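What follows is the residue order along each chain.
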Amino acid sequence: MQDTARRATPSALLVGVDFGTPHFDTELEELGLLAQTAGLAPVARVTCKRRAPDAALFIGSGKADEIKALAEDTGATEILFDQSLSPAQQRNLERHLQLPVNDRTLLILEIFAQRARSHEGKLQVELARLQYVSTRLVRRWSHLERQTGGAGVRGGPGEKQIELDRRMIGDAIKRTRERLERVKKQRNTQRRQRERQGAYNISLVGYTNAGKSTLFNALVKARAYAADQLFATLDTTTRQLYLAAQDAQGQGSGRSVSLSDTVGFIRDLPHGLIDAFQATLREAADADLLLHVVDASNPHFPEQIGQVQDVLHEIGAGDVPQVLVFNKLDALAPTQRPRHLQDGFDLEGRSVPRLFVSARTGEGLAPLRQWLAEQAQRARGEPAPQSPDTQGAQA
Ligand SMILES: Nc1nc2c(ncn2[C@@H]2O[C@H](COP(=O)(O)OP(=O)(O)OP(=O)(O)O)[C@@H](O)[C@H]2O)c(=O)[nH]1
Ligand SMILES: [Mg+2]
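Conventions used here
- Residues numbered from 1 in each chain as written.
- Chains lettered and ligands numbered in written order.
- Predicted model: local features only at pLDDT ≥ 70, side-chain atom pairs only at ≥ 80, totals over all residues.
- Heavy atoms only, no water.
- Helix = DSSP H or I, 4+ residues; strand = E, 2+ residues; numbered from the N terminus.
- Buried < 20%, exposed > 50% of the residue type's maximum accessible area, 1.4 Å probe, protein only.
- Contact = heavy atoms within 4.5 Å.
- Areas by Shrake-Rupley, 256 points an atom, 1.4 Å probe, with all protein chains shown as cover.
- Near = heavy atom within 4 Å.
- Polar contact = N/O pair within 3.5 Å; in protein donor to acceptor, adjacent residues only side chain to side chain.
- Nonpolar A, V, L, I, M, F, W, Y, C, P; charged D, E, K, R; others polar.
- Salt bridge = Lys/Arg side-chain N within 4 Å of Asp/Glu carboxyl O.
- Axes fitted to C-alpha atoms, helices over the stretch in contact; angles between N-to-C directions.
- Parallel < 35°, antiparallel > 145°, perpendicular 65-115°, else oblique.
- Left-handed = near helix turned anticlockwise from the far one by under 90°.

### Some thoughts on the overall build of the protein chain
The secondary structure content of the protein chain amounts to 13 helices and 11 strands. Looking at the protein chain residue by residue over its 395 residues, the buried ones come to 49%. The contacts of the protein chain with a sequence gap of at least 6 include a subset with a gap of at least 24, amounting to 69%. For the protein chain, the accessible area works out to roughly 18,900 Å², and carbon and sulfur atoms hold 48% of it.

Structure follows, in structure tokens:
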């Protein structure tokens, strides 16, 4: 057995298996961030290459022994896999390694559970968790399976218990869905009110940690929670954003639009979560304009844009007009700084307007406000003030 008490803080050994997928994260950087966000200190990283997962252990048994030794040396209290494990693989690995084994999906679910604040957010996480658990039930009853001669033997006490448990979980899923339905109705009423008032709705979307909340705070002078964590934001916050547009004659005209800060996206967002968070994510699909925030200082930003696009398509927001906001301009090396702070960016074969900003220092925010004011004005069918570097959002 492991001396798990050796470390005061729960710590994790990170494992990534490269199956030749195009953007394998060799440094396991994101998994490390996820672990930290969930309160686990990453103490060691192991990566290996395989053509296909081993049916029983996911990795080879030699690799498993190596991981076991490394876990002992580093005092890791659990093992975290970057890829999804089947319930059987997870169980076999736990037996082999004598430590709790979890995967990225469970980690993300755990973070969501820790972060959920609103009634709706908690219900959504609960639903996703129930859905995840319902596929892994067998695990909890493995001691009963052993009594009846191992998994696969039908009709033992374990089997009955699983049936019972499945039914209870099915009922819980149904109840949670109904409660969510009621919350959704309230949300729809609020949205209809906004629509009646003719508000122009803008939603911030983007990869987690891109700086959406920081930008939101800078634009509306709010204090939404922003932190160097993944999924700092789970609940949608909406505020009025007052935009004072200036036309060519320097005439100001005030415009108020509503701006929503929302949950961030991530590679391979667990399917149950997308399903459960439909209501929150719908906010994006119903917006008049999406501010797609990108961390321009992250070398993986092109993949992250792709991941965000995938989720947007999945939730039916693929056709909402977008503007790309390349954030963290201050964190770019002088040689990486763009020559123009406003240009077009090729997104899925269309040119989309792009603006560079720093939500932290405020650079580029005035042009962004101006740009948004013009869009809102256009949407109302009013002539937009002419400015030489203005580009329209594609519809
Ligand atoms: N250098 C720099 N850091 C920034 C900037 N904007 C945000 N950050 C930092 O990036 C981290 C993430 O910021 P958030 O605003 O919480 O990001 P988010 O997109 O809301 O993240 P989630 O809610 O977790 O999806 C924080 O540590 C911010 O301080 C910026 O313009 N420059
Ligand atoms: Mg946020």
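After that view of the structure, there is still more to cover.
### Notes on the site of ligand 1
The environment of ligand 1 is formed by 23 residues, the closest being Lys212, Thr214, Ala232, Thr233 and Asp330. Contact distances for ligand 1 include 2.7 Å between an oxygen atom and a side-chain N or O atom of Lys212. Between Asp330 and ligand 1, the recorded distance is 2.7 Å, taken from a side-chain N or O atom to a nitrogen atom. Surface burial for ligand 1 is 92%, taken as the share of its 650 Å² of free accessible area covered by protein chains. Sort the elements by how many residues they give to the shell around ligand 1 and helix α9 (residues 212-220) lands first, with 3 residues. Here the shell around ligand 1 is composed, by residue class, of 8 nonpolar, 10 polar and 5 charged.

### Topic: the pattern of salt bridges
In this structure the tally under the stated criterion is 8 salt bridges. Arg104 is the salt-bridge partner of Glu30, the closest N and O atoms lying 2.7 Å from each other. One end of the pair, Glu30, is in helix α1 (residues 29-37); the other, Arg104, is in helix α4 (residues 104-115), and 74 residues separate them in sequence. Of the two residues examined, Glu30 and Arg104, each falls in the buried class. Note that Glu66 is salt-bridged to Lys63, the shortest N-O span being 3.3 Å. One end of the pair is Glu66 and the other is Lys63, both in helix α2 (residues 61-74) and 3 residues apart, which spans about a single turn. A cluster of three or more residues bridged by salt bridges with shared partners is formed by Glu30, Asp82 and Arg104.

### Thoughts on the environment of Arg354
Along the chain, Arg354 falls in strand β11 (residues 350-356). In this structure, Arg354 is in contact with Leu324, Phe326, Leu341, Gln342, Asp343, Gly344 and Phe345, ignoring residues within four places of it in sequence.

### Side note on the packing of α4 against helix α5 (residues 119-135)
Two elements in contact, α4 and α5, have axes separated by 9 Å at closest approach and are oriented at 155°. As summarised for this structure, α4 and α5 are arranged roughly antiparallel, according to the angle between their axes. Classified by chirality, the crossing of α5 by α4 is left-handed. Between α4 and α5, the residues in contact are Thr105, Leu106, Leu109, Phe112 and Ala113 and Val125, Ala128, Arg129 and Tyr132, respectively.

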